[in-house]
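# Structural overview for review
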Amino acid sequence: MSAVIDRVLEAPTASGNWRRAKAAKAAFPARAAEGFWRTGVLATAAWLALGLLTVYWPNKAVGFSDWAYTDEFGIAAIAVGALLLAVALLGSRAGRVARVLRPAGPWLVALPVLFAVWEIATAKLALLPTPFFAPPQSLVETYIDDWRRLGESLLHSARLLAHGFVLGALAGFLTGVTIGWSRIAGYWVHPVLRFVGPVPASALLPLAFFFFPSSYAAAVFLIALATGFPVAVLTWSGVAGVNRNYYDVARTMGASERFLVLRVAIPAALPQVFVGLFMGLGAAFSVLVTAEMMGVKAGLGFYLSWAQGWASYSNMYAALIVMAVLCSGLITLLFKVRDRVLSWQKGTVKW
């Protein structure tokens, strides 16, 4: 009996020791991560190897002058390797730079390997035919020599995308809320949405350019159409799927129909709305490029068409990278907006 009492009296101490041991074990990886960065050393070796390979392995000229900015690209790779070595050796003393670079460690190793394979297959051995394939330093040349035209194209595309996406998102959101809330609206609008929505917006290019007064207005309409369909469908699904008990509780408290829509239905449907916005952004970007290549005389799509027509494939690859950065940046921005708007649902939204 006394042994049992002793174990009961010692239980809080044991529990406290167990908690402290668990906390120390959990903190050990964090403290270890603040020390020497092994992945950073490996990334340093990869970037230094890329730089030395680029500078000291002569390029193979194929029917034209040597690739410009080869030495500059190699020196830049060596500088990146030196920076990573400093961060790896400093550990936690590197501060914010270390906190930003450490999670990207595997990518910092993979990127120079990919660049090295690209460099060898193009500039060093000319295994890939020119001018269809160009080495990495050709992109550097494009960004340095043609940054003004690329910047103007980026601004035109961003403006066109903003106009079409915002209009399409608003129209799709209002349509989705209407057909999700009203049975009469759902009866008349839902069949039209199912009939017109799945048609690719790019297939309507000839009609849009005929009916609208300018190619810019036609492109805005097509982008809005591509954006509005997924937003309307997902918003409708979110509003229609709200738990009816929420409405019953609100009605017992004297809530009006307007309150039910604005304070119950729409907030509960917001996760679905953001799914539709993400899908609409991808569709809008595809239509944007198509419209700019066929009708609008400005933007990244027009730049792509121009570069392909003049066989400037390095310019084309540079524009594709700018497009990828633009789309990725907009998606990241939309994620930030979603996290801010849905902060009250933190922990329940996993995507």
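Heads up: the structure comes first, above all this text.
Procedures and definitions
Residues numbered from 1 in each chain as written. Predicted model: local features only at pLDDT ≥ 70, side-chain atom pairs only at ≥ 80, totals over all residues. Heavy atoms only, no water. Phe/Tyr/Trp six-rings, centres within 6.5 Å; stacked < 30°, edge-to-face > 60°. Helix = DSSP H or I, 4+ residues; strand = E, 2+ residues; numbered from the N terminus. Buried < 20%, exposed > 50% of the residue type's maximum accessible area, 1.4 Å probe, protein only. Salt bridge = Lys/Arg side-chain N within 4 Å of Asp/Glu carboxyl O. Core = buried A, V, L, I, M, F, W, Y, C linked by side-chain atoms within 4.5 Å. Contact = heavy atoms within 4.5 Å. Axes fitted to C-alpha atoms, helices over the stretch in contact; angles between N-to-C directions. Parallel < 35°, antiparallel > 145°, perpendicular 65-115°, else oblique. Left-handed = near helix turned anticlockwise from the far one by under 90°. Nonpolar A, V, L, I, M, F, W, Y, C, P; charged D, E, K, R; others polar. Patch = residues over 30% accessible without salt bridge, like charges linked within 9 Å, V, L, I, M, F, W, Y side chains within 5 Å. Areas by Shrake-Rupley, 256 points an atom, 1.4 Å probe, with all protein chains shown as cover.

## Some remarks on the packing of aromatic side chains
- Applying the stated rule across the entire model yields 10 aromatic pairs.
- On the basis of an interplanar angle of 80 degrees and a centroid distance of 5.4 Å, the ring pair of W181 and Y247 is categorised as edge-to-face. Residue W181 is found in helix α7 (residues 147-181), and its partner Y247 is found in helix α11 (residues 244-252); the two are separated by 66 residues along the sequence.
- Residue classification places W181 among the partly exposed residues on the basis of a relative accessible area of 28%.

## A closer look at the pattern of salt bridges
- Tallied over the full model, the rule gives five salt bridges.
- The salt bridge involving D339 is made with R338; its shortest N-O contact spans 2.5 Å.
- A residue is classified by how much of its surface remains accessible, and D339, at 42% relative accessible area, is partly exposed.

## Structural notes on the nonpolar core
- Membership of the largest hydrophobic core comes to 54 residues, with the highest contact counts inside it found for L150, L160, I223, L277 and F285.
- Counting residues per element, this core draws most heavily on helix α12 (residues 257-294), at 18 residues.
- Dropping the residues within four chain positions of it, I223 is found in contact with L160, L161, G164, F165, A284, V287 and L288.
- Of all hydrophobic cores here, the second largest spans 15 residues; its members include A43, L50, L101 and L108.

## Looking at the packing of α11 against α12
- Put simply, α11 and α12 touch, their axes get as near as 11 Å, and they point 135 degrees apart. The pairing of α11 with α12 is recorded here as oblique in orientation. For α11 against α12, the interelement crossing comes out right-handed. Contacts between α11 and α12 pair Y246, Y247, A250 and R251 from the former with E257, L260, V264 and A265 from the latter.
- When the residues that make up the contact of α11 with α12 are grouped by side-chain class, the tally is six nonpolar, no polar and two charged.

## Quick word on the packing of α7 against helix α10 (residues 215-240)
- Axis separation between α7 and α10 bottoms out at 6 Å; the angle between their running directions is 35 degrees. The element α7 and its partner α10 pack so that their crossing is right-handed.
- Grouping the constituent residues of the contact of α7 with α10 by class yields 19 nonpolar, 10 polar and one charged.

## Examining a nonpolar patch on the surface
- A contiguous nonpolar patch, built from W57, L125, L127, L128, F132 and F133 and spanning about 530 Å² of accessible area, is present on the exposed surface.
- Note on L128: relative accessible area 32%, which makes it partly exposed.

## Focus on unusual backbone geometry
- The phi dihedral of A126 is positive, around 55 degrees, even though this residue is not glycine.
- On the accessibility criterion, A126 (23% relative accessible area) is partly exposed.
- Although it is not a glycine, A311 adopts a positive phi angle of roughly 60 degrees.
- Its place among the elements puts A311 in the loop between α13 (300-309) and α14 (313-341).

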